[in-house]
Amino acid sequence: MHRVLVAGASGYAGALAAELVRRHPSLELARVTARTDAGRRLDELYPQYGVDFVLEEPAAEDGADVDAAIVAYPHGAAAPVVSSLREQGTKVVDLSADFRLHDLDTYGRWYGEHGAPVLLDEAVYGLTELHRDAIAGADLVANPGCYPTASVLALAPLAAEGLIEDVVIDAKSGVSGAGRAAEEEMAVVKETDDAKPYKVAGHRHTPEIAQELAQLSGGNGASADFGGLTFVPHLMPFDQGELVSCYVRTAEPVDPARLLSLYEERYGDEPFVEVTTEPPGVSGVRETNLCRIHLALNEASGRVLAFAAIDNLWKGAASQAIQNLNLMLGLPEGEGIS
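Residues numbered from 1 in each chain as written. Predicted model: local features only at pLDDT ≥ 70, side-chain atom pairs only at ≥ 80, totals over all residues. Heavy atoms only, no water.

A few points about the overall build of the protein chain
When its secondary structure is counted, the protein chain shows ten helices and 13 strands. Along the first, second and third principal axes, the C-alpha set of the protein chain runs to 60 × 45 × 40 Å. Taken over 338 residues, the protein chain has a buried fraction of 56%. In the protein chain, the proportion of contacts linking residues at least 24 apart, taken out of those at least 6 apart, comes to 69%. Carbon and sulfur atoms make up 47% of the accessible area of the protein chain, which totals about 13500 Å². Across the protein chain, the centroid of the 25 positively charged side chains sits 3 Å from that of the 51 negatively charged ones. (Helix = DSSP H or I, 4+ residues; strand = E, 2+ residues; numbered from the N terminus. Buried < 20%, exposed > 50% of the residue type's maximum accessible area, 1.4 Å probe, protein only. Contact = heavy atoms within 4.5 Å. Areas by Shrake-Rupley, 256 points an atom, 1.4 Å probe, with all protein chains shown as cover. Lys, Arg positive; Asp, Glu negative; His and termini not counted. Charge placed at Lys NZ, Arg CZ, Asp CG, Glu CD.)

What follows is the structure in C-alpha cells.
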C-alpha cells in the first residue's frame, strides 16, 4: 500500500481525489488537509463521498510519512506546497496550473509571479495518453486542466500530422468547473437555466492547449505559440461534464477514411479514449475517466469537426490524477478508476 496525502481536499476536485484514493486497492489515504474548513470532517462537506477523515491544517512536514501527494490548491497557492513536498522526497501530482506551462515568461503573462520556478524543468505534463513514459518516470506531474484535456485529445491526431491550419474550439462545461469558491454565482446559472460564454478575450487554458498542440506539431515543447487557435469556453446549467467542439481548417484535404484511420491508430489501444460513431454527450461519461471522441467532415466548408466529451471533475481533474499517480507508483494505469 502506498500512503497518499490529499492537500486542498475541501474543494471539488480535491474531495473527489480523496474519495478515489480512499477506495483504491493499492493506495492508503493517509491524511487530508485544507486551508479552509480545517477541523471539519470531509464527509460533512461532501456526504456523497465516504471520506470520514477530519480536514487538518497544512503543515511543513506533511510529506514526511507519505509516498505521494495530490495537491489540489489553486494556482499560486500550490507551488510552495509542491516545493515543500518535493524537498521531502514525496512524489506529487499537482492539479493547479503552476507547473503545466513549460515557459516561465508565458506563465508570468497569464498567472503572475511563479512560486517555485526551479521545479518547472522537473515537471511532466500529465496528459497520460501523450506522455505516458515520461509520467511513469516522473516525481512531479502537472495534471492538465479540464478544457485542455478534452481539447488536446480531440485534436492530437491532426496536430501530430501537421494538419491543423487553424482551429476554433467551442467548449462547454458544467458549473462545477468554476470551483467551490464560485458556488453562489454558479447556483444562479443553474436556477435561471442559463448558458453563457466567459473570458472570451482570453482564457488561461489557451496557452496550455497551444503548448501541447505546438509540441505535437513538431515544436520544441516549451512554446505556447500555436497560430490559428481560438478558444472560447461556455458555462452550462448542469453540475458536471464537458463538451468541446473543434472546427478545424486543415492544411490539406483529408478524406473521411484517412481521418478515421488517424484517430483509430492513435487511440485504438488507449483504455480511456473511445472513438465513437455518434457525437458524444456529457451524461455518457459522467463519473468516469473516459474521453469519447467523434469525428465528422463538413463538405461545404471543408472543415474537420472533432468533438470530445469528458467529466470535468473526473478525467478533467481527479481521476486523471489517479491515472497519473498509478503510473508514477508502478501500478496498473487503470487501477481504482476503471
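So, the nonpolar core
Soluble globular proteins: nonpolar side chains tend toward being buried together. Counting residues in each nonpolar core, the largest one holds 46 residues, and the members touching the most others are Val6, Leu42, Ile70 and Leu325. Among the elements of the structure, strand 1 (2-7), helix 1 (12-22), strand 2 (27-33), helix 2 (42-45), strand 3 (68-71) and helix 10 (314-328) are those that each provide at least two residues to this core. Residues within four places of Val6 in sequence aside, it is in contact with Gly14, Ala17, Ala18, Val21, Leu29, Arg31, Val32, Thr33 and Ile70. Counting 42 residues, the second-largest nonpolar core is a separate cluster that includes Ile209, Cys246, Tyr267 and Ala306. (Core = buried A, V, L, I, M, F, W, Y, C linked by side-chain atoms within 4.5 Å.)

Brief notes about the pairing of strand 2
Two faces, one strand: in a regular strand the side chains alternate between the faces of the sheet. Of all seven residues that make up strand 2, six are buried, and the element is covered over most of its length. The pairing of strand 1 with strand 2 spans six bridges and is parallel. Following the sheet pairing, Val6 is matched in strand 2 by Val32. (Pairing = 2+ DSSP bridges.)

Focus on the environment of Asp311
Here Asp311 is to be found in the loop between strand 13 (304-310) and helix 10. Asp311 has contacts with Gln240, Gly241, Val285, Arg286, Glu287, Thr288 and Gly316, leaving out every residue within four places of it along the chain. Polar contacts involving the side chain of Asp311 include one to the side chain of Gln240, which spans 2.8 Å. In this structure the side chain of Asp311 is engaged in a polar contact, spanning 2.9 Å, whose partner is the backbone nitrogen of Leu313. (Polar contact = N/O pair within 3.5 Å; in protein donor to acceptor, adjacent residues only side chain to side chain.)

A short note on the pattern of salt bridges
All told, the structure shown has 22 salt bridges when counted by the stated rule. Ionic pairing is found between Arg132 and Glu270, a salt bridge with its closest N-O pair at 2.6 Å. Here Glu270 lies in the loop between helix 9 (256-267) and strand 11 (273-276) and Arg132 lies in helix 5 (residues 128-136), a separation of 138 residues in the sequence. Its relative accessible area of 12% is what places Glu270 among the buried residues. Through salt bridges with shared partners, one network takes in Arg3, Glu28, Arg31, Glu56, Asp62 and Asp65. (Salt bridge = Lys/Arg side-chain N within 4 Å of Asp/Glu carboxyl O.)

Focus on the sheet that holds strand 8 (residues 196-197)
Within the open sheet, the seven strands sit side by side as 8-9-7-10-13-12-11. Their pairing is mixed. Across the chains shown, the open sheet's two edge strands, defined by having one partner strand only, are strand 8 and strand 11. The sheet contact formed by strand 7 (residues 164-173) and strand 10 (residues 242-250) spans nine bridges and is antiparallel. The residue of strand 10 that forms the bridge with Asp170 is Ser245. Running at roughly 30° to strand 10, helix 6 (residues 146-160) makes contact with strand 7, strand 9 (229-235), strand 10, strand 11, strand 12 (291-297) and strand 13 of the sheet. (Axes fitted to C-alpha atoms, helices over the stretch in contact; angles between N-to-C directions.)

Here we look at the packing of aromatic side chains
Counted according to the given criterion, the structure contains five aromatic pairs. Ring geometry for Tyr46 against Tyr49: centres 6.0 Å apart, planes inclined by 25°, an arrangement best described as stacked. Owing to a relative accessible area of 15%, Tyr49 belongs among the buried residues under this scheme. Their ring planes at 25° and their centres at 5.0 Å tell us that Tyr107 and Tyr111 sit as a pair that is stacked. A residue pair is termed a helical-turn pair when its members lie 3 or 4 positions apart in one helix, as Tyr107 and Tyr111 do in helix 4 (residues 104-111) at four residues. Residue classification places Tyr111 among the buried positions, given a relative accessible area of 13%. Through pairs of rings, three or more aromatic residues link up here, namely Tyr12, Tyr46 and Tyr49. (Phe/Tyr/Trp six-rings, centres within 6.5 Å; stacked < 30°, edge-to-face > 60°.)

Focus on the packing of helix 1 against helix 10
For any two helices packed against each other, the geometry is given by the interaxial angle and the distance between the axes. At a minimum axis distance of 9 Å, the contact between helix 1 and helix 10 shows a crossing angle of 35°. The two elements helix 1 and helix 10 cross, and the hand of that crossing is right-handed. Where helix 1 abuts helix 10, its residues Ala13, Leu16, Ala17, Leu20 and Val21 lie against Trp314, Ala317, Ala318, Ser319 and Ile322. In the contact of helix 1 with helix 10, the residues fall into nine nonpolar, one polar and no charged. (Left-handed = near helix turned anticlockwise from the far one by under 90°. Nonpolar A, V, L, I, M, F, W, Y, C, P; charged D, E, K, R; others polar.)

Side note on the environment of Val248
When you line up the elements, Val248 lands in strand 10. Separated by 49 residues in sequence, Val248 and Leu297 have C-alpha atoms that sit 9.6 Å apart.

So yeah, pure geometry; function would need other evidence.
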